[in-house]
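# Understanding the architecture of this molecule
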Amino acid sequence: MKAAVISLGSESSRWTIEAMKKYFDSVDNVDLKNIEVNLSSGKSDVLYNGKPLKSYDCIYAKGSFRYAQTLRAVTGVYYPSTYMPIKAGAFTVGHDKLLTHLFLQQAKIPMPTTYLTSSPTAAKKILQKVNYPIIFKFPSGTGGKGVMYAESFAAASSLMDALESLRQPFLIQEYIETGGEDIRVIVVGDKVVAAMKRKAVVGEKRANIHSGGEGEAFLPDTHMKKIAVDAAKVIGADICAVDMLESVKGPVVVELNLSPGLQGVTLATGINVADKMAKFLSEKTKHFTDKGTKKGAGDIIKEIAIDKGAKEQQILSNLDFRGERVLLPKIVTDIANLNDKEEFVIKVKKGKVEIGKI
Ligand SMILES: Nc1ncnc2c1ncn2[C@@H]1O[C@H](COP(=O)(O)OP(=O)(O)O)[C@@H](O)[C@H]1O
Ligand SMILES: [Mg+2]
(Lines give C-alpha, C1' and ligand atoms only; values in the text may rest on other atoms or scores of the structure.)
(Ligands and ions follow the chains in the order given, each with its own letter.)
Protein backbone atom coordinates (compact mmCIF):
# COMPACT_ATOMS: atom_id res chain seq x y z
CA MET A 1 0.00 0.00 0.00
CA LYS A 2 1.24 3.45 -0.96
CA ALA A 3 0.46 6.50 1.11
CA ALA A 4 1.12 10.22 1.06
CA VAL A 5 0.80 12.91 3.68
CA ILE A 6 -0.02 16.27 2.15
CA SER A 7 0.81 18.90 4.75
CA LEU A 8 2.78 21.98 5.61
CA GLY A 9 5.58 19.75 6.90
CA SER A 10 5.29 20.45 10.62
CA GLU A 11 7.05 18.34 13.22
CA SER A 12 3.72 16.57 13.83
CA SER A 13 3.43 15.69 10.15
CA ARG A 14 6.94 14.26 10.22
CA TRP A 15 6.01 12.12 13.22
CA THR A 16 2.92 10.90 11.40
CA ILE A 17 4.90 10.03 8.27
CA GLU A 18 7.50 8.11 10.29
CA ALA A 19 4.76 6.22 12.11
CA MET A 20 2.97 5.39 8.84
CA LYS A 21 6.15 3.86 7.38
CA LYS A 22 5.63 0.95 9.77
CA TYR A 23 2.28 0.12 8.17
CA PHE A 24 2.61 1.23 4.52
CA ASP A 25 5.07 0.13 1.84
CA SER A 26 5.88 3.75 1.08
CA VAL A 27 4.88 7.12 2.50
CA ASP A 28 5.52 10.26 0.48
CA ASN A 29 5.88 13.62 2.15
CA VAL A 30 3.99 16.05 -0.10
CA ASP A 31 4.37 19.76 0.56
CA LEU A 32 0.97 21.42 0.44
CA LYS A 33 2.59 24.70 -0.61
CA ASN A 34 3.70 23.15 -3.90
CA ILE A 35 0.32 21.69 -4.77
CA GLU A 36 -1.76 23.21 -7.53
CA VAL A 37 -5.23 22.13 -8.56
CA ASN A 38 -6.44 22.77 -12.07
CA LEU A 39 -10.18 22.72 -12.24
CA SER A 40 -11.86 22.31 -15.57
CA SER A 41 -15.26 21.05 -16.51
CA GLY A 42 -15.55 17.32 -16.00
CA LYS A 43 -11.94 16.81 -15.03
CA SER A 44 -9.56 18.21 -12.45
CA ASP A 45 -5.84 17.70 -12.09
CA VAL A 46 -3.69 17.92 -9.03
CA LEU A 47 -0.16 19.02 -9.80
CA TYR A 48 2.76 18.73 -7.45
CA ASN A 49 5.79 20.84 -8.38
CA GLY A 50 4.16 21.23 -11.80
CA LYS A 51 3.75 17.49 -12.49
CA PRO A 52 0.65 15.33 -11.94
CA LEU A 53 0.52 14.03 -8.39
CA LYS A 54 0.99 10.24 -8.27
CA SER A 55 -1.84 7.99 -7.26
CA TYR A 56 -1.94 6.53 -3.77
CA ASP A 57 -4.02 4.11 -1.74
CA CYS A 58 -4.16 6.57 1.14
CA ILE A 59 -3.71 10.32 1.25
CA TYR A 60 -3.78 12.11 4.59
CA ALA A 61 -4.26 15.75 3.60
CA LYS A 62 -4.17 18.45 6.25
CA GLY A 63 -2.97 21.98 6.86
CA SER A 64 -3.95 25.34 8.25
CA PHE A 65 -7.12 27.28 7.49
CA ARG A 66 -5.22 29.33 4.92
CA TYR A 67 -5.07 26.24 2.75
CA ALA A 68 -8.67 25.13 3.29
CA GLN A 69 -9.64 25.65 -0.35
CA THR A 70 -6.68 23.74 -1.78
CA LEU A 71 -7.24 20.91 0.69
CA ARG A 72 -10.87 20.81 -0.25
CA ALA A 73 -10.10 20.74 -3.98
CA VAL A 74 -7.42 18.03 -3.69
CA THR A 75 -9.73 15.90 -1.62
CA GLY A 76 -12.54 16.38 -4.11
CA VAL A 77 -10.32 14.92 -6.83
CA TYR A 78 -8.86 11.97 -4.89
CA TYR A 79 -11.62 11.02 -2.48
CA PRO A 80 -13.52 8.64 -4.80
CA SER A 81 -10.44 6.51 -5.54
CA THR A 82 -8.27 6.90 -2.45
CA TYR A 83 -8.81 6.52 1.27
CA MET A 84 -8.69 10.01 2.77
CA PRO A 85 -9.50 10.49 6.46
CA ILE A 86 -10.90 13.99 6.06
CA LYS A 87 -13.79 14.67 3.71
CA ALA A 88 -13.58 17.60 1.28
CA GLY A 89 -16.35 19.60 2.96
CA ALA A 90 -14.70 19.22 6.36
CA PHE A 91 -11.96 21.63 5.33
CA THR A 92 -14.45 24.38 4.66
CA VAL A 93 -16.51 23.71 7.76
CA GLY A 94 -13.79 22.72 10.20
CA HIS A 95 -11.64 25.72 9.42
CA ASP A 96 -14.49 28.15 10.06
CA LYS A 97 -15.82 28.41 13.59
CA LEU A 98 -19.15 29.77 12.45
CA LEU A 99 -19.78 26.93 9.99
CA THR A 100 -18.58 24.45 12.59
CA HIS A 101 -21.17 25.83 14.98
CA LEU A 102 -23.94 25.65 12.42
CA PHE A 103 -23.17 22.01 11.63
CA LEU A 104 -22.74 20.94 15.25
CA GLN A 105 -25.85 22.74 16.32
CA GLN A 106 -27.93 20.93 13.71
CA ALA A 107 -26.58 17.65 15.03
CA LYS A 108 -27.43 18.70 18.59
CA ILE A 109 -23.81 18.63 19.78
CA PRO A 110 -23.53 20.85 22.88
CA MET A 111 -21.65 24.13 22.37
CA PRO A 112 -21.49 27.48 24.13
CA THR A 113 -24.36 29.73 23.05
CA THR A 114 -23.03 31.65 20.07
CA TYR A 115 -24.40 34.73 18.35
CA LEU A 116 -23.82 35.82 14.85
CA THR A 117 -24.93 39.23 13.68
CA SER A 118 -25.30 40.89 10.36
CA SER A 119 -25.09 44.51 11.49
CA PRO A 120 -23.49 46.59 14.25
CA THR A 121 -26.96 47.60 15.47
CA ALA A 122 -28.00 43.95 15.86
CA ALA A 123 -24.72 43.20 17.62
CA LYS A 124 -25.25 46.07 20.09
CA LYS A 125 -28.69 44.64 20.90
CA ILE A 126 -27.11 41.29 21.67
CA LEU A 127 -24.52 42.92 23.87
CA GLN A 128 -27.37 44.51 25.85
CA LYS A 129 -29.08 41.24 26.60
CA VAL A 130 -26.21 38.78 27.27
CA ASN A 131 -24.67 37.87 30.62
CA TYR A 132 -21.10 38.96 31.17
CA PRO A 133 -18.30 38.12 30.69
CA ILE A 134 -18.48 37.15 27.02
CA ILE A 135 -16.04 36.04 24.34
CA PHE A 136 -15.46 37.53 20.88
CA LYS A 137 -13.91 35.23 18.31
CA PHE A 138 -12.59 35.39 14.78
CA PRO A 139 -14.13 32.66 12.60
CA SER A 140 -10.78 31.12 11.66
CA GLY A 141 -8.52 29.32 14.11
CA THR A 142 -5.66 31.39 15.45
CA GLY A 143 -4.15 29.33 18.25
CA GLY A 144 -6.01 31.45 20.77
CA LYS A 145 -5.00 34.79 19.28
CA GLY A 146 -8.40 35.53 17.79
CA VAL A 147 -10.21 34.96 21.07
CA MET A 148 -11.08 38.10 23.07
CA TYR A 149 -12.58 38.41 26.49
CA ALA A 150 -14.95 41.20 27.54
CA GLU A 151 -15.91 41.56 31.18
CA SER A 152 -18.69 44.09 30.79
CA PHE A 153 -21.01 45.76 28.31
CA ALA A 154 -18.63 48.75 28.18
CA ALA A 155 -15.64 46.56 27.34
CA ALA A 156 -17.62 44.50 24.80
CA SER A 157 -19.07 47.56 23.14
CA SER A 158 -15.72 49.22 22.52
CA LEU A 159 -14.14 45.94 21.42
CA MET A 160 -16.97 45.47 18.95
CA ASP A 161 -16.54 48.98 17.54
CA ALA A 162 -12.87 48.23 16.94
CA LEU A 163 -13.68 44.95 15.16
CA GLU A 164 -16.32 46.68 13.06
CA SER A 165 -13.96 49.44 12.00
CA LEU A 166 -11.38 46.84 10.96
CA ARG A 167 -14.13 45.03 9.02
CA GLN A 168 -13.17 41.93 10.91
CA PRO A 169 -15.96 39.35 11.09
CA PHE A 170 -16.53 37.88 14.55
CA LEU A 171 -18.74 35.66 16.68
CA ILE A 172 -20.05 36.53 20.11
CA GLN A 173 -20.01 33.63 22.52
CA GLU A 174 -21.15 32.84 26.01
CA TYR A 175 -18.16 32.65 28.36
CA ILE A 176 -17.79 29.25 29.99
CA GLU A 177 -16.12 29.51 33.39
CA THR A 178 -13.60 26.68 33.67
CA GLY A 179 -10.84 28.35 35.62
CA GLY A 180 -8.95 28.76 32.35
CA GLU A 181 -8.90 25.06 31.52
CA ASP A 182 -9.86 23.32 28.34
CA ILE A 183 -9.82 19.72 27.22
CA ARG A 184 -8.30 18.58 23.97
CA VAL A 185 -9.49 15.22 22.79
CA ILE A 186 -7.89 13.37 19.87
CA VAL A 187 -10.43 11.41 17.86
CA VAL A 188 -9.30 8.63 15.55
CA GLY A 189 -12.18 6.84 13.86
CA ASP A 190 -14.81 5.89 16.45
CA LYS A 191 -12.39 6.24 19.33
CA VAL A 192 -10.82 8.84 21.55
CA VAL A 193 -7.16 7.79 21.52
CA ALA A 194 -5.81 10.46 23.87
CA ALA A 195 -6.94 13.52 25.77
CA MET A 196 -5.30 16.25 27.77
CA LYS A 197 -6.30 19.11 29.95
CA ARG A 198 -4.65 22.43 29.19
CA LYS A 199 -4.47 25.25 31.67
CA ALA A 200 -4.18 28.95 30.96
CA VAL A 201 -1.26 30.74 32.56
CA VAL A 202 -2.13 33.02 35.48
CA GLY A 203 -4.10 36.06 34.36
CA GLU A 204 -4.95 34.44 31.03
CA LYS A 205 -8.33 33.03 29.95
CA ARG A 206 -7.22 31.05 26.92
CA ALA A 207 -5.90 27.61 27.72
CA ASN A 208 -4.12 27.23 24.41
CA ILE A 209 -2.04 30.38 24.61
CA HIS A 210 1.27 28.79 25.24
CA SER A 211 2.23 28.25 28.79
CA GLY A 212 5.05 26.25 27.25
CA GLY A 213 2.39 24.18 25.51
CA GLU A 214 2.03 21.73 28.36
CA GLY A 215 -1.04 19.83 29.28
CA GLU A 216 -1.74 16.98 31.60
CA ALA A 217 -3.24 13.60 30.76
CA PHE A 218 -7.00 13.55 31.06
CA LEU A 219 -9.43 10.65 31.02
CA PRO A 220 -12.71 11.75 29.46
CA ASP A 221 -15.83 9.88 30.53
CA THR A 222 -18.09 8.04 28.08
CA HIS A 223 -20.37 11.05 27.63
CA MET A 224 -17.52 13.36 26.73
CA LYS A 225 -15.99 10.79 24.40
CA LYS A 226 -19.28 10.34 22.60
CA ILE A 227 -19.67 14.09 22.09
CA ALA A 228 -16.16 14.32 20.64
CA VAL A 229 -16.58 11.33 18.31
CA ASP A 230 -20.00 12.58 17.19
CA ALA A 231 -18.64 16.07 16.52
CA ALA A 232 -15.84 14.64 14.36
CA LYS A 233 -18.39 12.55 12.43
CA VAL A 234 -20.64 15.53 11.80
CA ILE A 235 -17.74 17.50 10.35
CA GLY A 236 -16.54 14.51 8.32
CA ALA A 237 -13.13 13.90 9.88
CA ASP A 238 -11.89 10.41 10.79
CA ILE A 239 -8.91 12.08 12.47
CA CYS A 240 -9.07 15.38 14.35
CA ALA A 241 -8.80 17.11 17.69
CA VAL A 242 -11.92 18.34 19.46
CA ASP A 243 -11.47 21.19 21.91
CA MET A 244 -13.98 21.16 24.74
CA LEU A 245 -14.81 23.09 27.87
CA GLU A 246 -16.36 21.55 30.94
CA SER A 247 -19.36 23.74 31.66
CA VAL A 248 -21.68 23.33 34.61
CA LYS A 249 -24.18 21.80 32.19
CA GLY A 250 -21.65 19.30 30.87
CA PRO A 251 -19.00 19.33 28.17
CA VAL A 252 -19.34 21.78 25.27
CA VAL A 253 -17.39 21.77 22.04
CA VAL A 254 -15.60 25.01 21.12
CA GLU A 255 -13.57 23.94 18.14
CA LEU A 256 -12.40 21.15 15.88
CA ASN A 257 -8.83 21.05 14.70
CA LEU A 258 -8.16 19.07 11.52
CA SER A 259 -4.41 19.30 11.87
CA PRO A 260 -3.69 18.96 15.57
CA GLY A 261 -0.17 19.20 16.94
CA LEU A 262 1.04 15.89 18.34
CA GLN A 263 3.93 16.89 20.59
CA GLY A 264 1.85 18.35 23.45
CA VAL A 265 -0.63 15.52 23.71
CA THR A 266 2.03 12.82 23.26
CA LEU A 267 4.15 14.34 26.00
CA ALA A 268 1.20 14.85 28.35
CA THR A 269 -0.28 11.37 27.95
CA GLY A 270 2.68 9.19 27.05
CA ILE A 271 0.46 7.74 24.31
CA ASN A 272 2.00 7.27 20.88
CA VAL A 273 -0.74 9.22 19.09
CA ALA A 274 1.07 9.20 15.73
CA ASP A 275 1.19 5.39 15.84
CA LYS A 276 -2.54 5.18 16.64
CA MET A 277 -3.29 7.40 13.66
CA ALA A 278 -0.95 5.46 11.36
CA LYS A 279 -2.41 2.11 12.33
CA PHE A 280 -5.93 3.39 11.82
CA LEU A 281 -5.02 4.84 8.41
CA SER A 282 -3.59 1.52 7.29
CA GLU A 283 -6.63 -0.44 8.46
CA LYS A 284 -9.02 1.92 6.73
CA THR A 285 -6.92 1.88 3.57
CA LYS A 286 -6.86 -1.91 3.54
CA HIS A 287 -10.61 -1.97 3.89
CA PHE A 288 -11.03 0.69 1.20
CA THR A 289 -8.80 -1.02 -1.36
CA ASP A 290 -10.36 -4.45 -0.67
CA LYS A 291 -13.73 -2.94 -1.35
CA GLY A 292 -12.46 -1.18 -4.45
CA THR A 293 -10.79 -4.09 -6.17
CA LYS A 294 -12.72 -7.01 -4.69
CA LYS A 295 -10.07 -9.26 -6.11
CA GLY A 296 -11.77 -12.09 -4.32
CA ALA A 297 -15.00 -11.95 -6.28
CA GLY A 298 -13.45 -12.52 -9.71
CA ASP A 299 -11.14 -15.26 -8.51
CA ILE A 300 -13.75 -17.13 -6.55
CA ILE A 301 -16.11 -16.96 -9.48
CA LYS A 302 -13.49 -18.57 -11.68
CA GLU A 303 -13.34 -21.42 -9.27
CA ILE A 304 -17.05 -21.92 -9.07
CA ALA A 305 -17.67 -21.15 -12.75
CA ILE A 306 -20.32 -23.70 -13.17
CA ASP A 307 -20.36 -26.05 -16.16
CA LYS A 308 -19.18 -23.97 -19.08
CA GLY A 309 -21.14 -26.05 -21.59
CA ALA A 310 -24.53 -25.41 -20.01
CA LYS A 311 -26.99 -23.01 -21.64
CA GLU A 312 -27.38 -20.85 -18.60
CA GLN A 313 -24.96 -20.58 -15.76
CA GLN A 314 -25.41 -19.26 -12.30
CA ILE A 315 -22.77 -17.29 -10.52
CA LEU A 316 -22.93 -16.66 -6.83
CA SER A 317 -21.18 -13.44 -5.94
CA ASN A 318 -21.09 -10.18 -4.05
CA LEU A 319 -21.43 -7.14 -6.24
CA ASP A 320 -18.32 -5.14 -6.91
CA PHE A 321 -19.31 -1.51 -6.54
CA ARG A 322 -16.93 1.11 -7.92
CA GLY A 323 -18.36 4.24 -6.44
CA GLU A 324 -21.99 4.07 -7.51
CA ARG A 325 -21.43 1.65 -10.38
CA VAL A 326 -21.37 -2.10 -10.51
CA LEU A 327 -18.47 -3.80 -12.20
CA LEU A 328 -19.21 -7.25 -13.59
CA PRO A 329 -16.49 -9.91 -13.37
CA LYS A 330 -14.76 -10.76 -16.65
CA ILE A 331 -16.16 -14.26 -16.59
CA VAL A 332 -19.66 -12.85 -16.90
CA THR A 333 -18.81 -10.93 -20.07
CA ASP A 334 -16.95 -14.00 -21.38
CA ILE A 335 -19.83 -16.40 -20.86
CA ALA A 336 -22.46 -13.97 -22.07
CA ASN A 337 -20.21 -12.98 -24.95
CA LEU A 338 -20.81 -9.28 -24.37
CA ASN A 339 -18.79 -6.80 -26.36
CA ASP A 340 -18.68 -3.07 -26.83
CA LYS A 341 -19.49 -3.17 -30.56
CA GLU A 342 -23.09 -4.22 -30.14
CA GLU A 343 -26.05 -2.57 -28.48
CA PHE A 344 -27.78 -4.02 -25.49
CA VAL A 345 -31.01 -3.53 -23.68
CA ILE A 346 -30.85 -3.39 -19.92
CA LYS A 347 -33.99 -4.36 -18.03
CA VAL A 348 -33.97 -3.22 -14.45
CA LYS A 349 -36.31 -3.73 -11.57
CA LYS A 350 -35.81 -3.82 -7.84
CA GLY A 351 -33.29 -6.55 -7.04
CA LYS A 352 -32.75 -7.63 -10.66
CA VAL A 353 -30.75 -6.50 -13.70
CA GLU A 354 -30.99 -8.28 -17.05
CA ILE A 355 -28.69 -7.41 -19.95
CA GLY A 356 -29.56 -8.75 -23.39
CA LYS A 357 -28.55 -8.22 -26.98
CA ILE A 358 -31.05 -6.21 -28.92
N1 LIG B 1 -16.74 30.31 25.13
C2 LIG B 1 -15.59 30.24 25.82
N3 LIG B 1 -15.56 30.36 27.15
C4 LIG B 1 -14.41 30.28 27.85
N5 LIG B 1 -13.21 30.10 27.30
C6 LIG B 1 -13.15 29.96 25.96
C7 LIG B 1 -14.34 30.02 25.15
N8 LIG B 1 -13.98 29.85 23.88
C9 LIG B 1 -12.64 29.70 23.89
N10 LIG B 1 -12.13 29.75 25.13
C11 LIG B 1 -10.71 29.63 25.51
O12 LIG B 1 -9.92 30.14 24.46
C13 LIG B 1 -9.13 29.09 23.86
C14 LIG B 1 -9.09 29.25 22.35
O15 LIG B 1 -10.38 29.14 21.80
P16 LIG B 1 -10.72 28.38 20.46
O17 LIG B 1 -12.16 28.60 20.16
O18 LIG B 1 -10.27 26.97 20.56
O19 LIG B 1 -9.89 29.20 19.38
P20 LIG B 1 -8.47 28.98 18.67
O21 LIG B 1 -8.80 28.69 17.25
O22 LIG B 1 -7.79 30.28 18.79
O23 LIG B 1 -7.80 27.83 19.33
C24 LIG B 1 -9.80 27.81 24.28
O25 LIG B 1 -8.88 26.74 24.27
C26 LIG B 1 -10.33 28.16 25.66
O27 LIG B 1 -9.33 28.05 26.63
MG1 LIG C 1 -8.56 25.83 19.89
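Read on for a plain summary of the structure. (Residues numbered from 1 in each chain as written. Chains lettered and ligands numbered in written order. Predicted model: local features only at pLDDT ≥ 70, side-chain atom pairs only at ≥ 80, totals over all residues.)

### Looking at the sheet that holds strand E12 (residues 191-199)
- Strands sit in the order E13-E12-E11-E14-E15 across an open sheet of five strands; the sheet is antiparallel. Each having just a single partner strand, strand E13 (215-217) and strand E15 (250-257) make up the two edges of the open sheet. The average undirected angle you get between the axes of adjacent strands in this sheet is 30°.
- The pairing of E12 with E13 spans three bridges and is antiparallel. Residue Arg198 lies in a different strand from E13, and its bridge partner there is Gly215.
- On top of the sheet, helix H7 (residues 222-235) reaches strand E11 (181-188), E12, strand E14 (239-247) and E15; it is set at about 35° to E15, its chief contact. (Pairing = 2+ DSSP bridges. Helix = DSSP H or I, 4+ residues; strand = E, 2+ residues; numbered from the N terminus. Axes fitted to C-alpha atoms, helices over the stretch in contact; angles between N-to-C directions. Contact = placed C-beta atoms within 7 Å.)

### Overview of the site of ligand 1
- The full set close to ligand 1 counts 22 residues, and Gly141, Ile176, Arg206, Ala207 and Glu255 are the nearest of them.
- Elements with a contribution of two residues or more to the shell around ligand 1: strand E8 (134-137), strand E10 (171-174), E14 and E15.
- Split into classes, the residues belonging to the shell around ligand 1 amount to eight nonpolar, seven polar and seven charged. (Near = placed C-beta within 6 Å. Nonpolar A, V, L, I, M, F, W, Y, C, P; charged D, E, K, R; others polar.)

### A word on the packing of helix H4 (residues 97-106) against H7
- Interaxial distance between H4 and H7 falls to 10 Å at its minimum, and their mutual angle equals 115°. By the angle between their axes, H4 is roughly perpendicular relative to H7. You can see that H4 and H7 cross each other, and the crossing is right-handed. Facing Thr100, Phe103 and Leu104 of H4, the residues of H7 in contact are Ala231, Val234 and Ile235.
- Split into classes, the residues belonging to the contact of H4 with H7 amount to five nonpolar, one polar and no charged. (Parallel < 35°, antiparallel > 145°, perpendicular 65-115°, else oblique. Left-handed = near helix turned anticlockwise from the far one by under 90°.)

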